[in-house]
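As a plain string of letters, each chain reads:
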Amino acid sequence: MSGAWLPIVVLSISLIAAPLIFATAERRVALRTTINLCAAVLKLGLVAYLTWQVAFEGARYAWRWPMAAGSDLVLQVDPLALLFLSLSAGLWLLTTIYAIGYLEDAPHRSRFFGFFSLCVAATTGIALAGNLYTFLIFYELLTLATYPLVVHRQTPEALRGGRIYLAYTLTGGMLLLVGTVWLGSAAGSLDFVTAGNPALASVDPITLTAIFALLLAGLGVKAALFPAHGWLPQAMVAPAPVSALLHAVAVVKAGAFGIIRVVEEVFGIALTVKLGLALPLAGLAAFTIIYGSLQALRQDDLKRRLAYSTVSQVSYIVLGAALFSPLALIGALMHLVHQGLMKITLFMCAGNIAEAVHLYKVSDLDGIGRRLPWTMTAFTVAALGMIGVPPLAGFVSKWYLAAGGIDDQNAWVVLVLLASSGLNALYLLPILHRAWFKAPTAATAGAASGRLEIKWTLLAPPLVTAALVIGVGLFANAPFSPLSWARLIATGEIPRLPEGLIR
Amino acid sequence: MPPVQGLRMSDAAGALLAGVDWAAVAILTPLVGGAAAFVLPNRARAIGVAASGATAAAAVALVWLIATGGPYDLAVGGWSAPLGIRLAADGLSAALLGMTNLVGASVAVHVALTGRATKNDPEAGVAAWGFWPLWLLLLAGLNALYLSADIFNLYVTLEMVGLSAVGLAALSGKADAFKAAMRYLLVGIIASLVYLLGVTLLYAQYGVLDLATLRQVMIPAPATQLAMVAMLAALAMKSALFPLHGWLPPAHGNATAPVSALLSALVVKASLYIAVRLWLDLFEPTGVGAGAVATVLGILGACAVLWGGLQALIAKRLKLVVAYSTVAQVGYLFMCFPLWAGGREALTAFVYLAVAHAFAKSALFLACEQVQRALGDDQMSSLSRPELPGAVKITFALAAVSLVGLPPSGGFIGKWLLLDSTLLHGPTVWTVAVLCGTLLSAAAMARVLARFFAPEEQAVAQDLVVGDAASWRFSLTPLLLAAAAVGIGLLGAWPAELVNVGETVQ
């Protein structure tokens, strides 16, 4: 097939950028920034080209490399891959700009940006993986590449967070490895096939159930599914751009994306339902949604509150994938993107607050809206989106998820979503209330030193993502919106879009 | 067996390659080189590097011929067995031969590179007069061992390897090293004698030493079984299988770095290879070796994985962490024994684990040398000091990836195949042991790597040879070896096919 080399090129861009940045001397700021931005822009351009080709020419690209054990290394571009790929490519550019500003004059920047690129390369590999084997390879690479970012500050707390992170993720990776090996020897194929790999039909149900449990346990660690979510709040010691990346694009999304791949394209949702595994998974996701929200309520530290909110929000994706309805799947796929946009905005804003006024606790944020009006505007948009206020991004995905629940005769899903939205409001609205309607304290009353409230590199990225949060909700039906792309994928996986409710 | 797919060359080049007996070259070159290096100590370094390089080239040619043309078999001097000596190599020997020569030549180059850098420092480095002759003798022994096809030749070459290894271990001149080398010598001699006892028992019963001939006449008589137990026990001792591993950490931990690299990466594999060769060619097909024997070896292997992993996790010195990790890795290799009945997969796993370990472990030991020189000691607690060169950290990270078995390294391929085998043919507890071992080694390696990110202390105010220790001469070879350990996993499917060339087990 022509263009079979394209997937490897997309992967190589960030993979080659990483050693280049490592090799850059610490003080060569301009050179490093150039390499960083060139790579990010180049990649975004290539992803846009691929999206165009896949959407209009119906093109599919696949690149294979034989390996000695397991299966081939396969990188392929399909609509589902592109959904995740474009999210990571786009947010990589924004986070890089943000990180350049955030880490100005900080030590070890070459190391930081090198691992940052490596982390994005791993995410790209996860998106492009054409079988579970390839997925596993990049999933482990992601673990290794993020560890140095988590411990970047090199404080004892950072090291402790890193240790917990590694303990969770390496154990998860091990379970995933066993599940994958087992699946490979039982079914003889690890390929991702639309609507499920037919090779699994010949395997006995008990083996399949055990494999499913292993795979989900392995993926659930990164997706922060209860009870494997413990590492996420600990990893909050990382610098703000890392938290943004971890929560929006890289780690938790890799887990959620993996769950979608396994449920939809390895087992197939039909087989998952037949094995009786879909409902327990949906139940676990629902529990995590509520549990994460309740925990978020109790946190006074802003980043920890947002972290628990991620625990809850990522499970929306899992919940949607576990329901046997194209609508729910559309909701899940969309939320993969929407949650990324909203959460990255929130984390970048939290980073701005920490950077500008050195405040970390929610209870200290009285009147911060006057000191950082643009930052808090972006924060407000993203927070309202999280709660699900129409017409913002979160509303659209929640709507589809709820419709999917009804479509699958699981109306309790609607209750879960309502309860969760209520809890979201309970832990996010007080922040907005404090920021905008309370009198400034001594800490928040100061004036900005420059013309802008904070450096433009720190301000522009959250404003762009906040605009996107509005855009993807308002223009949800436009071509190339997450909704239309998710619809394209979901109708492939579950080819029966119900009439009525939503067209 | 069909030769390996995908490897091709022009007929002319093939004929040229086939015209020379590369096996003889691979054995004789280091022997002659070793003698020359002993006679001309002033030229020892040049002779040593040239001989190691030439031997490696010959070995690569031989591996190539085996991969493309099938197993190698030569009756030396035209005398065939049982009268003459037979040299033979199949895919398994070829893979280990290639590993030995590539790693060996890299270590030799490293010694030459760093030897020049430390000329003015008599304490540092290895004693050139002793290293080169001993190393070349060791190399000749290893190559001959992988090419031997009878149980007595295997004994002779094993002795060659063992004695030169002891000499190398004692070279650093420290009292600790000397003591460890003495213990190593003692263990080696006892093991050799026990092995020889097995050989004698077999010879007394059957009157032949050639593997292929023995295989045809051997029957599961009690004396044969006794011979088998003696031989396997001796080889397990030489390979430091738990609980006979006590000699290894001090011997490997106190020798100079290049020697530790050679001992850990190559010497341990030689005795393991003999155990595998005897098991696959003799004991299993003739029914002498019951499944229970293999199971015992496997259980001891599993214990080694756990014990070695645990010791590596709590060791206080970096070199001991690395040495105990060898104990654990040897355990994985022995865990393959009970799985061979299930098919060739476990053998491929064995080769991948062995080869990846050789590259990664030699990289780690060589990197230890640089740590020692940059920091003055190799205590774990010193590792967070800022004097440590970046190349060392990268080397450690890459080697750790392969040792733990994370993708896409050679160690990962080995672990994948091993897990696959355990899932198909072993009890569940086998899988669990592999996983626990992996987690332990991950923890041990993470403990080392996390030090690189530890809160930075103030640089200790003492004059260290930083400029010297940060030199590329110290970091180049370990870095390349570690990268190779990871790269082996990406080589594609041909190494696995190579292992299956000349398959003798049904």
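Keep in mind the model is a prediction, meaning the values are calculated, not measured.

Student: Even after reading the chapter, I still don't get the packing of helix α5 (residues 132–150) of chain A against helix α6 (residues 156–187) of chain A, so can you show me in this structure?
Tutor: The description of two helices packed together rests on the angle between their axes and the distance between the axes. Residues and elements named next belong to chain A. Between α5 and α6, whose axes approach to 10 Å, the crossing angle comes to 175°. Taken as axis vectors, α5 and α6 run roughly antiparallel relative to one another. On α6, the residues that touch L132, Y133, L136, Y139, E140, T143, Y147 and V150 of α5 are A158, G161, G162, Y165, L166, T169, L170, G173, L176, L177, T180 and L183. Within the contact of α5 with α6, the residues separate by chemical class into 13 nonpolar, 6 polar and 1 charged.

Student: Explanation requested: the nonpolar core in the structure shown.
Tutor: Nonpolar side chains in soluble globular proteins generally cluster together in the buried interior. Residue and element names in this part refer to chain B. The biggest cluster of nonpolar side chains holds 399 residues, and the ones touching the most others in it are A169 and A485. It is helix α14 (residues 345–375) that contributes the most residues to this core, 22 residues altogether. Once residues lying within four places of it in the same chain are set aside, the contact partners of A169 are A177, A180, A181, Y184, A251, A255, V259 and L263.

Student: What's the story with the environment of B:G207 in this structure? I'm lost.
Tutor: All names here are of chain B. With respect to the element layout, G207 can be found in the loop between α7 (175–206) and α8 (211–217). G207 gets classed as exposed once you count the C-beta atoms within 10 Å, which come to 11. Taking the C-alpha atoms as reference points, G207 and V217, 10 residues apart in sequence, are found 9.9 Å from one another.

Student: What is the right way to read the packing of helix α14 (residues 326–357) of chain A against helix α20 (residues 456–474) of chain A from this model?
Tutor: Residue and element names in this part refer to chain A. α20 packs onto α14 with a crossing angle of 150° between their chain directions and a minimal axis gap of 9 Å. By the angle between their axes, α14 is roughly antiparallel relative to α20. The element α14 and its partner α20 pack so that their crossing is left-handed. Residues H338, L341, M342, I344, T345, M348, C349, N352 and E355 of α14 touch α20, and the partners they reach there are L458, P461, P462, T465, A466, L468, V469 and V472.

Student: Any chance you could explain unusual backbone geometry here in plain terms?
Tutor: Backbone geometry follows two general trends: most residues other than glycine have a negative phi, and most peptide bonds adopt the trans configuration. In this structure, the amide linkage connecting A:P390 to the following residue, A:P391, adopts the cis form with an omega of 5°. Secondary-structure assignment places A:P391 in the loop between α16 (373–387) and α17 (393–407). Note the cis peptide between B:F242 and B:P243, where omega equals 0°. For B:P243, the location among the structural elements is in the loop between α9 (222–238) and α10 (248–254). A positive phi angle, close to 60°, is found at A:Q154, a residue other than glycine. Looking at the secondary structure, you find A:Q154 in the loop between α5 and α6. Given 17 C-beta atoms within 10 Å, A:Q154 falls into the partly exposed group. For A:A224, which is not a glycine, the phi torsion comes out positive at approximately 60°.

Student: Help me out: how do you make sense of the interface of chain B and chain A in this one?
Tutor: Counting residues at the interface gives 26 residues for chain B and 26 residues for chain A. Of the residues contributing to the side of chain B that touches chain A, the split by class is 21 nonpolar, 3 polar and 2 charged.

Student: Quick question: what am I supposed to make of helix α16 (residues 410–425) of chain B here?
Tutor: Helical periodicity: at 3.6 residues per turn, an α-helix aligns residues three or four positions apart in one direction. Taking 1.5 Å per residue as the helical rise, α16(B) with its 16 residues ought to reach 22 Å, and the 22 Å between its terminal C-alpha atoms agrees with that figure. Summarising burial for α16(B): 13 of the 16 residues are buried, a large majority.

Student: Where do I start with helix α18 (residues 412–437) of chain A in this structure?
Tutor: Residues and elements named next belong to chain A. Over its 26 residues, α18 runs 36 Å from end to end, which matches the ideal 38 Å to within 8%, given 1.5 Å per residue. Its axis deflected by about 30° at L428, α18 carries its strongest bend there, up to four residues before the proline P430. Considered for burial, the residues of α18 that qualify are V413, V416, L417, S420, L423, N424, Y427, L428, I431 and A435. Looking at the buried side of α18, the elements it contacts are α12 (278–298), α13 (302–322), α15 (368–371), α16 and α17.

Quick notes on the rules
- Residues numbered from 1 in each chain as written.
- Chains lettered and ligands numbered in written order.
- Predicted model: local features only at pLDDT ≥ 70, side-chain atom pairs only at ≥ 80, totals over all residues.
- Axes fitted to C-alpha atoms, helices over the stretch in contact; angles between N-to-C directions.
- Helix = DSSP H or I, 4+ residues; strand = E, 2+ residues; numbered from the N terminus.
- Parallel < 35°, antiparallel > 145°, perpendicular 65-115°, else oblique.
- Contact = placed C-beta atoms within 7 Å.
- Nonpolar A, V, L, I, M, F, W, Y, C, P; charged D, E, K, R; others polar.
- Core = buried A, V, L, I, M, F, W, Y, C linked by C-beta atoms within 7 Å.
- Buried ≥ 20, exposed ≤ 12 C-beta atoms within 10 Å, placed from the backbone.
- Left-handed = near helix turned anticlockwise from the far one by under 90°.
- Expected span 1.5 Å × (residues − 1).
- Bend = angle between axes of the 7 residues up to and from the residue.

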